[in-house]
Amino acid sequence: MKITTELVDYISELSRLSLPEEEKAAMTAQLERIVGYMDVLNRLDTAGVEPMSHVFPLVNVLREDEVIPSQDRAELLAGAPAPDPEAFLVPRAVE
Amino acid sequence: MTWETVIGLETHVELATKTKIFCSCTTAFGGDPNTHCCPVCTGMPGTLPVLNKRVLEFAVKAGLALNCSITRYTKFDRKNYFYPDLPKAYQISQLYLPICRDGRVDIGGKTVRIHELHMEEDAGKLVHDPWIDQTRADYNRCGVPLIEIVTEPDFRTAEEVIAYLEKLKETLQYLGVSDCKMQEGSLRCDVNLSVRPAGSGELGTRTEMKNLSSFKAIARAIAYEANRQIELITEGKRVVQETRRWDENKDATYAMRSKENAQDYRYFPEPDIPPVRLSEEYLDALRAALPELAGAKRARYQADYSLPEYDCQMITSDPALAAFFEDTVALGAPPKQAANWIMGQVLAALSARAMEPKAMPLTPPTLARLIALVGEGRLNRNTAVKVFEAVFDSDGDVDAYVREHGLEQISDASLVEDVVTRVLASNPKSVADFRAGKDKAFGFLVGQVMRELKGKADPRAVNERLRARLAGEGPAPSRGGPRE
Ligand SMILES: [Zn+2]
């Protein structure tokens, strides 16, 4: 698959990353190599093979519907980048 | 040209579990910001989500009641998008193997097909603070379990949409899987709408409307958006496929910013949650435990109790009300009388207190006792209504209240007769008026007798004696026993 600069722009926009021009070129080449490896894998005949979504053969890992007290808010907010007593502060996200 | 509107719905319903879908934080509504949160639901690195057993159960129950086929091997997927209402930058949802598929809901002669029903987590709430020009994220709702129910584009009118939503709400409430309170956001609806010339087999370009928080808003948004699209096409313009927001105040929809419109969710299987395999025994047990739904109850009330359709509709409008009715009848109350009390006094008392039927303090034994006292002729209906008001809030003892307030109906016929004699004697003018054909005078005389008896007589008996006496009959034998 050919990775174009437009595709890199699109992916960085979806990921909310702004890449400087010189990094974009490097990124394009690296992405091309990574995605290119998928072509190698694609040479295998996987017809009739169930796609694997999980590595371990586990099913039905469930918990009871019982309340456990939530985390102390101050502790929870301690690692937030911007200080606020009640909430996580983020750049303007509401119109 | 005649146009046809084609509508499909995506309805999000919050499940009535105690805890969130992937962590043990409470789902209680409200609470100070970020006090119902833990490292899992705030998306801290290194945490592991674990599925709530009851979410699975509720989703399957909903699917069974909506006539869906249940996926025996179901999985979760990540829906990726960057928006701070989701701290992980992805929502755990289901795309490839949703828990339920291919259901149907019958709404008055029409069948609406359910495309799928899947489980997912709710997002947090964002509030912009203009003083600091930053947005505060509150993750109390983040991770609250939802089911999303997606229909095929089977609706043609707003009325059909509302009928479906009412049926859906009723079904989910009877199942006990959600309280479906639109005002608290526990039932939310996105409307996909397109128009086409009537008779055309092809679908037009659709728009998706969000932010519809009441049935009224849904009906108005549908009317507005159908019109907007018809006008565009008539003017030779094109409908753009986009997400539009309904503005309740402006009574209009407007397109959301294009960035919010960029929908490329890059779904992939959620690696942190192992798949779920459902056994036939599990499904059979849930199927067997499904409660009787509103439609079945209505049919049964009509068949077994000969209740009018209107009564059945009113009583089954809420599962707690239906249960209250059934329990009252089981205690011996005649069904029609129980129904009348519930549709009259009970609903009025609830509405005056802005109270949900399920929070009602009055219990069935108390209402059944009140109905029995009226039936035995020991309370007249008007007094019974006063007793009802007095005992409603504390589920008081009806007999004790009647005794303490001396409200028991006068059953001594001779006492009634004496008062009738006295009232007739002291109101010759009204008697003459009545005989001259003025019916109003009769009501006045009844009122006088009831007043003398402090409202404790049976109005039917008073009426009967007054009419007889005015017709010229003499007083009843003075030593009459209690009225039959
Ligand atoms: Zn949590």
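Residues numbered from 1 in each chain as written. Chains lettered and ligands numbered in written order. Predicted model: local features only at pLDDT ≥ 70, side-chain atom pairs only at ≥ 80, totals over all residues. Heavy atoms only, no water.

**Overview of the overall build of chain A**
In step 1: A tally of helices and strands in chain A yields three helices and two strands.
In step 2: In chain A, the order of α-helices and β-strands from amino to carboxyl end is α-α-β-α-β.
In step 3: Expected size for 95 residues packed as a compact globule is a radius of gyration near 12 Å; at 22 Å, chain A overshoots this value by more than 25%.
In step 4: Seen through its C-alpha atoms, chain A measures out along the principal axes to roughly 50 × 45 × 25 Å.
In step 5: Looking at chain A residue by residue over its 95 residues, the buried ones come to 24%.
In step 6: The contacts in chain A between residues at least 6 apart in sequence include a share of 29% that link residues at least 24 apart. (Helix = DSSP H or I, 4+ residues; strand = E, 2+ residues; numbered from the N terminus. Rg over C-alpha atoms; globule rule 2.2 N^0.38 Å. Buried < 20%, exposed > 50% of the residue type's maximum accessible area, 1.4 Å probe, protein only. Contact = heavy atoms within 4.5 Å.)

**Some points on the coordination of the zinc ion**
The expected angle between donors at a tetrahedral four-coordinate metal is 109.5 degrees. At an octahedral six-coordinate metal it is 90 or 180 degrees.
Residues and elements named next belong to chain B.
In step 1: Distances from the zinc ion to its protein donors, C23 (SG), C25 (SG), C38 (SG) and C41 (SG), fall at 2.3 Å.
In step 2: Read from N- to C-terminus, the donor residues coordinating the zinc ion fall into the pattern C-x1-C-x12-C-x2-C. One end of the pair, C23, is in the loop between β1 (3-14) and β2 (51-52); the other, C41, is in the loop between β1 and β2, and 18 residues separate them in sequence. (Donors = N, O, S within 2.8 Å, 3.2 Å for Na, K, Ca; no water.)

**Describing the packing of helix α8 (residues 319-330) of chain B against helix α10 (residues 364-375) of chain B**
All names here are of chain B.
In step 1: The N-to-C vectors of α8 and α10 enclose an angle of 50°; their axes lie 8 Å apart at closest approach. It follows that α8 is oblique to α10 by the angle criterion. Read as a crossing pair, α8 and α10 show a hand that is right-handed. Across the interface between the two elements, F324, D327 and T328 of α8 pack against P364, L367, A368 and I371 of α10.
In step 2: In terms of residue class, the contact of α8 with α10 is built from five nonpolar, one polar and one charged. (Axes fitted to C-alpha atoms, helices over the stretch in contact; angles between N-to-C directions. Parallel < 35°, antiparallel > 145°, perpendicular 65-115°, else oblique. Left-handed = near helix turned anticlockwise from the far one by under 90°. Nonpolar A, V, L, I, M, F, W, Y, C, P; charged D, E, K, R; others polar.)

**Things to note about the pairing of strand β8 (residues 110-121) of chain B**
All names here are of chain B.
In step 1: By the bridge criterion, seven bridges tie strand β7 (residues 100-107) to β8 in an arrangement that is antiparallel. Within the sheet, the bridge partner assigned to C100 lies in β8 and is L117.
In step 2: With antiparallel pairing between neighbouring strands as the criterion, β7 and β8 make up a hairpin whose turn holds two residues, including G108 at a positive phi of roughly 40°. (Pairing = 2+ DSSP bridges.)

**With respect to the side chain of B:S186**
All names here are of chain B.
In step 1: Its location among the elements puts S186 in the loop between α2 (158-175) and β12 (187-197).
In step 2: In terms of polar contacts, S186 uses its side chain to reach the side chain of D179, at 2.8 Å.
In step 3: Excluding anything up to four places from it in sequence, S186 contacts H12, V13, E14, S178, D179, C180 and K181. (Polar contact = N/O pair within 3.5 Å; in protein donor to acceptor, adjacent residues only side chain to side chain.)

**Some remarks on the interface of chain B and chain A**
In step 1: Contacts between the two partners involve 53 residues from chain B, matched on the other side by 33 residues from chain A.
In step 2: Contact between chain B and chain A buries roughly 4100 Å² in total, counting both sides, with carbon and sulfur atoms accounting for 55%.
In step 3: Together, B:S24, B:K53 and B:F82 form the three largest contributors to the area buried by chain B at its contact with chain A, with a combined 13%.
In step 4: Inspection of the region where chain B meets chain A yields three salt bridges.
In step 5: B:K53 is the partner of A:E64 in a salt bridge, and the nearest nitrogen-oxygen pair spans 2.4 Å.
In step 6: When contributions to the side of chain B that touches chain A are tallied by element, the ones reaching two or more residues are β2, α1 (53-65), β9 (125-129), β10 (134-138), α4 (258-261) and β17 (276-277) of chain B.
In step 7: The residue makeup of the side of chain B that touches chain A, split by class, is 26 nonpolar, 12 polar and 15 charged.
In step 8: Strand direction decides the pairing type here: strand β2 (residues 88-91) of chain A and β10(B), joined by four bridges, are antiparallel. By the bridge assignment for β10(B), A:V90 is matched with B:T135. (Buried area = accessible area lost by both parts, 1.4 Å probe. Salt bridge = Lys/Arg side-chain N within 4 Å of Asp/Glu carboxyl O.)

**Some words on a nonpolar patch on the surface**
Residue and element names in this part refer to chain A.
In step 1: Together, I34, Y37, M38, V40 and L41 give the surface a local cluster of nonpolar side chains, amounting to about 470 Å² of exposed area.
In step 2: Relative to the assigned elements, M38 resides in helix α2 (residues 21-42).
In step 3: Judged by its relative accessible area of 40%, M38 falls in the partly exposed class. (Patch = residues over 30% accessible without salt bridge, like charges linked within 9 Å, V, L, I, M, F, W, Y side chains within 5 Å. Areas by Shrake-Rupley, 256 points an atom, 1.4 Å probe, with all protein chains shown as cover.)

**Considerations on the environment of A:Q30**
All names here are of chain A.
In step 1: Following the sequence through the fold, Q30 ends up in helix α2.
In step 2: Residue classification places Q30 among the partly exposed positions, given a relative accessible area of 40%.
In step 3: Sequence separation of Q30 and I3 is 27 residues, and the distance between their C-alpha atoms is 9.3 Å.

**Focus on the confidence of the model for chain A**
In step 1: Residues with a pLDDT of 70 or more make up 98% of chain A, whose mean pLDDT is 89.
In step 2: When pLDDT is averaged over each element of chain A, strand β1 (residues 62-63) of chain A comes out on top at 97 and helix α1 (residues 5-14) of chain A at the bottom at 87. (pLDDT = per-residue confidence, 0-100.)

**Focus: the domain arrangement of chain B**
In step 1: Domains assigned within chain B are domain 1 (17-179 + 248-281), domain 2 (292-404) and domain 3 (413-470).
In step 2: In this structure, domain 2 of chain B and domain 3 of chain B have C-alpha centres spaced 32 Å apart. (Domains from an automatic or database assignment.)

**Side note on the sheet that holds β7(B)**
Residue and element names in this part refer to chain B.
In step 1: The strand order across the open sheet built from nine strands is β3-β7-β8-β11-β1-β12-β13-β14-β15, with neighbouring strands paired in mixed fashion. Strands at the two margins of the open sheet, each flanked by one partner only, are β3 (69-70) and β15 (252-255).
In step 2: Bridging between strand β13 (residues 207-212) and strand β14 (residues 243-247) involves three bridges; their strand directions are parallel. Bridging across to β14, K210 finds its partner in R245.
In step 3: Together, β1, β7, β8, β11 (145-151) and β12 form the strand contacts of α2, whose direction differs from that of β1 by roughly 20°.

**Some words on the nonpolar core**
Residues and elements named next belong to chain B.
In step 1: I149, Y164 and I218 are the most contacted members of the largest nonpolar core, which totals 63 residues.
In step 2: If sequence neighbours within four positions are ignored, I149 has contacts with L9, E10, T11, V13, L66, I114, E116, L117, Y164, L168 and L172.
In step 3: Membership of the second largest hydrophobic core comes to 35 residues, among which are Y301, M343, L362 and V391. (Core = buried A, V, L, I, M, F, W, Y, C linked by side-chain atoms within 4.5 Å.)

**Let's talk about unusual backbone geometry**
All names here are of chain B.
In step 1: Located in the positive-phi region is C180, a residue other than glycine, with phi close to 50°.
In step 2: Looking at the secondary structure, you find C180 in the loop between α2 and β12.
In step 3: For D251, which is not a glycine, the phi torsion comes out positive at approximately 60°.
In step 4: Here D251 shows up in the loop between β14 and β15.

**Looking at the packing of aromatic side chains**
Given two aromatic rings, one states the distance between the centres and the angle between the planes to describe the pair.
Residues and elements named next belong to chain B.
In step 1: On inspection of all chains with the given rule, the structure shows 12 aromatic pairs over all chains.
In step 2: With centroids separated by 5.7 Å and ring planes inclined at 80°, the aromatic side chains of F22 and F76 adopt a geometry described as edge-to-face. Placement of the pair is F22 in the loop between β1 and β2 and F76 in the loop between β4 (73-74) and β5 (77-80), with a sequence separation of 54 residues. F76 matches F22 in its accessibility class, with the two residues each being buried.
In step 3: Summarising the aromatic geometry, the rings of Y265 and Y267 are spaced 6.1 Å apart at their centres and angled 80° between planes, so their arrangement reads as edge-to-face.
In step 4: You can call Y265 partly exposed: its relative accessible area is 21%.
In step 5: Grouped by ring-pair contacts, the aromatic residues Y81, Y265 and Y267 constitute a single cluster.
In step 6: Its end group placed over the ring of W341, R381 keeps NZ or CZ at 4.3 Å from the ring centre. (Phe/Tyr/Trp six-rings, centres within 6.5 Å; stacked < 30°, edge-to-face > 60°. Lys NZ or Arg CZ within 6 Å of the ring centre and 35° of its normal.)

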